[in-house]
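This is what each chain is made of:
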Amino acid sequence: MTQGDVLAILQDSLLVALKLAARDIFCQDGGEWPVLLLDDVLSELDLRRQEFVLNRITSGQVFITCCEEEKLEGLEGGRAFHIHDGKLV
C-alpha cells in the first residue's frame, strides 16, 4: 500500500466521521435522527472501517449503496436490497 493509498483511506474515513458527527448534532438539536445516506462508501474504506459502517451505526435509518456485493458479507443485521435494471429483485 502506497502513502497515497493510506492518505485516501484516511481522507474517506474523515469524511464518514464528519458525516456521523453532523448527524449526531442534528439529533441533539432536533430530537430525531436524520436519514443517513452513504453512497458507495464501502469501496473507499478498509475492512475494519467497512465493518464499522455496516454494523456499528445503529440509530435511525441508514441507507448504504454498494456496487460490490461481496462487501456486504460482513453485514450482521439490517437488510440488503438488490436492484437490477432499475428494479428491486
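One can find the structure itself at the top, above this paragraph.
Read on for an overview of the structure. (Residues numbered from 1 in each chain as written. Predicted model: local features only at pLDDT ≥ 70, side-chain atom pairs only at ≥ 80, totals over all residues. Heavy atoms only, no water.)

Comments concerning the overall build of the chain
So the rule is basically this: Helix and strand definitions follow DSSP, with helices as H or I runs of at least four residues and strands as E runs of at least two, each counted in order from the N terminus. Whether two residues are in contact is decided by their heavy atoms, any of which lying within 4.5 Å being enough. Each accessible area is a Shrake-Rupley result for a 1.4 Å probe, and residues are judged covered by the shown protein chains and nothing else. None of His or the chain ends enter the tally, which takes Lys and Arg as positive and Asp and Glu as negative. Note that the charge is assigned to NZ on lysines, CZ on arginines, CG on aspartates and CD on glutamates.
From N to C terminus, the chain includes 2 helices and 4 strands. Dimensions along the principal axes, computed over C-alpha positions, put the chain at roughly 40 × 40 × 25 Å. Taking as baseline every contact in the chain between residues at least 6 positions apart, the subset at least 24 positions apart corresponds to 51%. Carbon and sulfur atoms make up 55% of the accessible area of the chain, which totals about 6,700 Å². On the chain, the mean spot of the 8 positive side-chain charges and the mean spot of the 16 negative ones are 4 Å from each other.

Brief notes about the pattern of salt bridges
To keep things clear, this is the line we draw: In the sections that follow, a salt bridge refers to a side-chain nitrogen of Lys or Arg positioned within 4 Å of a carboxyl oxygen of Asp or Glu. Only protein chains enter the accessibility calculation, which uses a 1.4 Å probe; a residue is then buried when its area is under 20% of its type maximum, exposed when over 50%, and partly exposed in between.
Scanning the entire structure with this criterion turns up 3 salt bridges. We note a salt bridge from D46 to R49, for which the minimum N-O separation is 2.5 Å. Of the residues examined, R49 reaches a relative accessible area of 22% and is grouped as partly exposed. A salt bridge links E76 to R56; its shortest N-O distance comes to 3.8 Å. Within this pair, whereas E76 is found in the loop between β2 (62-65) and β3 (83-84), its partner R56 is found in the loop between α2 (47-55) and β2, the two being separated by 20 residues in sequence. Judged by its relative accessible area of 59%, E76 is exposed. A relative accessible area of 44% means that R56 is categorised as partly exposed.

Some words on the pairing of β2
Put simply, the rule is: Strand pairing is assigned whenever DSSP identifies at least 2 bridges connecting the two strands. Here is how to tell: hold the view so the strands point away, follow the path from the first strand over the helix to the second, and if it runs clockwise the crossover is right-handed.
Here 4 bridges tie strand β1 (residues 36-39) to β2, and the two strands are oriented parallel to one another. Note on β2: the bridge partner recorded for L36 is V62. Crossover handedness for the path β1 to α2 to β2: right-handed.

Details of the nonpolar core
Here is the rule: Note on terminology: a nonpolar core comprises buried Ala, Val, Leu, Ile, Met, Phe, Trp, Tyr and Cys residues joined through side-chain atoms within 4.5 Å.
Formed by V16, L20, L36, L38, V41, L42, L45, V53, L54 and I57, the largest nonpolar core amounts to 10 residues. Of all the elements in the fold, those that place two or more residues in this core are α1 (3-30), β1 and α2. Non-local contacts of L38, meaning those with residues more than four positions away in its chain, are made with K19, V53, F63, I64 and T65.

Concerning the side chain of S13
Stated formally: What qualifies as a polar contact is a pair of N or O atoms within 3.5 Å, subject to a donor-acceptor requirement within protein and to the restriction that residues adjacent in sequence count only when both atoms come from side chains.
Following the sequence through the fold, S13 ends up in helix α1. A relative accessible area of 15% means that S13 is categorised as buried. Looking at S13, its side chain comes within polar contact range of the main-chain oxygen of I9, at 2.8 Å. Ignoring any residue separated from it by four or fewer positions in sequence, one finds S13 in contact with L45 and R49.

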